[in-house]
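Overview (structure and organization)
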Amino acid sequence: MDTMPGARRNYILLSAFLFLFFFAQAGAMSFLAIWLKGPMGLDGAQAGTVFSANFIAAMLCQPLYGYISDRAGLKRHVPLFIALMVTLCGIFFTGLYAPLLEANLLLGAAIGGLYLGLTFVAGSFALESFVDRVGRRYGFEYSRARLWGSLGYASAAVFSGRLYNIDPSINFYLASAAGVLLIPLILATRIVPDPAEQSHAQTLTPRESMTVLKQPQFWRFMVLILGVTNLYLVYDQQFPAYFASMFPTPAEGNVMFGYLNSAQIFVEAGMLLIAPLIVMRIGAKNGLMLAAAIMIIRIAGSAVATGPLTISACKMLHSLELPILAVSIFRYIAYHFDSRFASTVYLVGVSFGHSLGLAILSPIVGHGYDLFGFPATYLMIAAGALLFWIASWFALESTPRTDARGRPIDAGDREKPAAASTANATPLTQ
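Every value quoted in this text rests on a predicted model; they were computed, and no experiment measured them.

This part takes up the overall build of the protein chain. Each helix and strand counted, the protein chain has 19 helices and zero strands in total. A buried classification covers 55% of the 430 residues belonging to the protein chain. Within the protein chain, residue pairs in contact and separated by at least 24 positions form 85% of the contacts whose partners lie at least 6 positions apart.

Written as structure tokens, this is what we have:
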């Protein structure tokens, strides 16, 4: 694979940036529910209000980040803003968020939702889109930078529970410390945009950005995203509770889930190295279909699991599916959409689409668990996902084998579609 001067430097710096960002995200978010219901003394309904605020704020931020990211192109405004927000984590949680929640729950939830949405929820999608864009420009795989994010999250998870038991604030201030390091890392990158492409990006208007919603290929892409992946995410929401029920005691199940979750993250990081090779060989469309098939197998497998071993095997399938899905999504977007709209397609189509889908499906599936139990509901989810998977075969457009920049690598492959190539000297994403 050909690379531009500075590719190695930018890869190393952005990999370190993702490691520290996801390290901070784990410190700030992984024990949020326990912090709300423990030190903050909120009951289930009040904690639900806080999480709903986070959810709504993230939905509002995602289209905004998409437009700003597309307009900024390779400028570092978005990652620098997110880095600055991360540095405020310790002060925000202890000096503003906690007092506001105690004084006025709704106001605290609204302010907290805005901060967490901008910084860690929608912010993570915006960073991934930026790193993918830089990777396409400099010829390195997005997934090989993203794997360091998984390792950062896993590293924090190893000791954040012990630190929480000492003092929850320690994790928040460790996140701030990571944020301080993020700033020089992003400033040290040497990212030189293509002048014509950057100039084209800076003329983008909000109205132009939203024209992707009128493109048939966008909605064909959404068949799989809104169908299979949303059903999979809503299945995964309450999976830990079902997983724990397969063990002699819930406490034992919770402990084992923690161990298995850490193992899954490390396997996932390894798969992020391999996934580009798989997708390069089979193409982005087939990569999407393969990842979706693994999702359906995991859902159906969970329905017929008979004990700790089989349910654990179902859990580990996530480490195989997620990397293939991530690489395939970025490469599919790169090939089929104008690069100016790449972040919008990702943040509106994938991120916002997931948030909206979960808002609609979560109560419906939760009611199904109460009426029919987990196994029967899982089978219904798997059946619905299978129908969308079949529809996706016809809806998704074919995608040839492509390199990290989204360019066909086989001489016999057809040329890149005009819609995707007009402003795309270096296609978008993995």
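Continuing now.
Counting 115 residues, the largest nonpolar core has Trp35, Tyr65, Phe93, Phe120, Phe221, Ile329 and Tyr378 as the members making the most contacts within it. Not counting the four nearest positions on each side in its chain, Tyr378 is found in contact with Tyr235, Gln238, Phe239, Tyr242, Ile299, Ser302, Ala303 and Tyr369.

Bringing the packing of helix α6 (residues 105-138) against helix α7 (residues 142-166) into the picture now. Here α6 crosses α7 at 145°, and the two axes come no closer than 9 Å. Pair α6 / α7 crosses with right-handed handedness. Together, Glu128, Val131 and Asp132 of α6 and Tyr142, Ala145 and Arg146 of α7 make up the contact between the two elements. Here the residues of the contact of α6 with α7 sort into three nonpolar, no polar and three charged.

This part covers the pattern of salt bridges. Opposite charge on two side chains permits them to pair, given that their charged atoms come into close proximity. Tallied over the entire structure, the rule returns five salt bridges. Between Glu128 and Arg146 there is a salt bridge, with the nearest N and O atoms lying 2.7 Å from each other. One end of the pair, Glu128, is in helix α6; the other, Arg146, is in helix α7, and 18 residues separate them in sequence. Between Arg220 and Glu397 there is a salt bridge; the shortest N-O distance is 3.2 Å. Here the residue Arg220 occupies a position in helix α11 (residues 216-237), and Glu397 occupies one in the loop between α18 (374-395) and α19 (418-421), the gap between them amounting to 177 residues. Overall, Glu397 belongs to the partly exposed group, its relative accessible area being 24%.

This part covers the side chain of Glu321. As for its placement among the helices and strands, Glu321 is situated in helix α16 (residues 318-336). The side chain of Glu321 sits in the buried core without any salt bridge; Arg298 is the nearest counter-charge, 5.7 Å away. With sequence-adjacent residues up to four places away left out, Glu321 is seen in contact with Tyr232, Ala291, Ile294 and Met295.

On inspection of all chains with the given rule, the structure shows 27 aromatic pairs. Put simply, the rings of Phe21, Phe22, Trp35, Phe92, Phe93, Tyr97, Tyr115, Phe120 and Phe172 touch in pairs and so form one group of aromatic residues. The lysine or arginine in question, Arg146, covers the ring of Phe22, its NZ or CZ lying 4.2 Å from the ring centre. In this structure, Arg298 packs its charged tip against the face of Phe239, placed 4.5 Å from the ring centre.

Turning our eyes to something else, we now look at the environment of Met295. Following the sequence through the fold, Met295 ends up in helix α14 (residues 284-304). Beyond its immediate chain neighbours, meaning those up to four positions away, Met295 contacts Val228, Thr229, Tyr232, Glu321 and Leu325.

Looking now at helix α15 (residues 308-316). Buried within α15 we find Ile311, Ser312, Cys314 and Lys315. For α15, the angular spread of buried residues about the axis comes to 155°, placing them on one side. In this structure, the buried side of α15 is in contact with α12 (239-245), α13 (250-282), α14 and α16.

Our next topic: the confidence of the model for the protein chain. Here the protein chain averages 82 in pLDDT, while 89% of its residues score no lower than 70. Mean pLDDT values over the elements of the protein chain span from 36, in α19, up to 95, in α14. Scored below 50 in pLDDT, residues 411-430 shows 72 contacts in the model against residues more than four places distant or in partner chains.

Residues Met210, Leu213, Trp219 and Leu226 make up a contiguous nonpolar surface patch of roughly 340 Å² in combined accessible area. Position of Met210 relative to the elements: it lies in the loop between α10 (206-209) and α11.

This brings us to the environment of Gly135. Counting through the fold element by element, Gly135 comes out in helix α6. Sequence separation between Gly135 and Ala145 is ten residues, and the spatial gap between their C-alpha atoms is 8.7 Å.

This brings us to the environment of Met29. If you trace the backbone, Met29 turns up in helix α1 (residues 7-29). What makes Met29 partly exposed here is its relative accessible area of 23%. C-alpha of Met29 to C-alpha of Leu116: the two residues are 87 residues apart in sequence and 8.7 Å apart in space. Apart from residues no more than four positions distant in its own chain, Met29 is found in contact with Leu116, Phe120 and Val121.

The next subject is the side chain of Ser15. Topologically, Ser15 is positioned in helix α1. Judged by relative accessible area, Ser15 falls into the buried class, the value being 5%. When near neighbours in sequence (up to four residues on either side) are disregarded, Ser15 contacts Arg144, Ala145 and Trp148.

Packing of α6 against helix α17 (residues 342-372) brings their axes to within 10 Å, and their N-to-C directions diverge by 145°. Of the two elements, α6 crosses α17, and the hand of that crossing is right-handed. Contacts between α6 and α17 involve Ala122, Phe125, Ala126, Glu128, Ser129 and Arg133 from the former and Ala342, Ser343, Tyr346, Leu347 and Ser351 from the latter.

About the cut-offs
- Residues numbered from 1 in each chain as written.
- Predicted model: local features only at pLDDT ≥ 70, side-chain atom pairs only at ≥ 80, totals over all residues.
- Heavy atoms only, no water.
- Helix = DSSP H or I, 4+ residues; strand = E, 2+ residues; numbered from the N terminus.
- Buried < 20%, exposed > 50% of the residue type's maximum accessible area, 1.4 Å probe, protein only.
- Contact = heavy atoms within 4.5 Å.
- Core = buried A, V, L, I, M, F, W, Y, C linked by side-chain atoms within 4.5 Å.
- Axes fitted to C-alpha atoms, helices over the stretch in contact; angles between N-to-C directions.
- Left-handed = near helix turned anticlockwise from the far one by under 90°.
- Nonpolar A, V, L, I, M, F, W, Y, C, P; charged D, E, K, R; others polar.
- Salt bridge = Lys/Arg side-chain N within 4 Å of Asp/Glu carboxyl O.
- Lys, Arg positive; Asp, Glu negative; His and termini not counted.
- Phe/Tyr/Trp six-rings, centres within 6.5 Å; stacked < 30°, edge-to-face > 60°.
- Lys NZ or Arg CZ within 6 Å of the ring centre and 35° of its normal.
- Arc of directions from axis to C-beta.
- pLDDT = per-residue confidence, 0-100.
- Patch = residues over 30% accessible without salt bridge, like charges linked within 9 Å, V, L, I, M, F, W, Y side chains within 5 Å.
- Areas by Shrake-Rupley, 256 points an atom, 1.4 Å probe, with all protein chains shown as cover.

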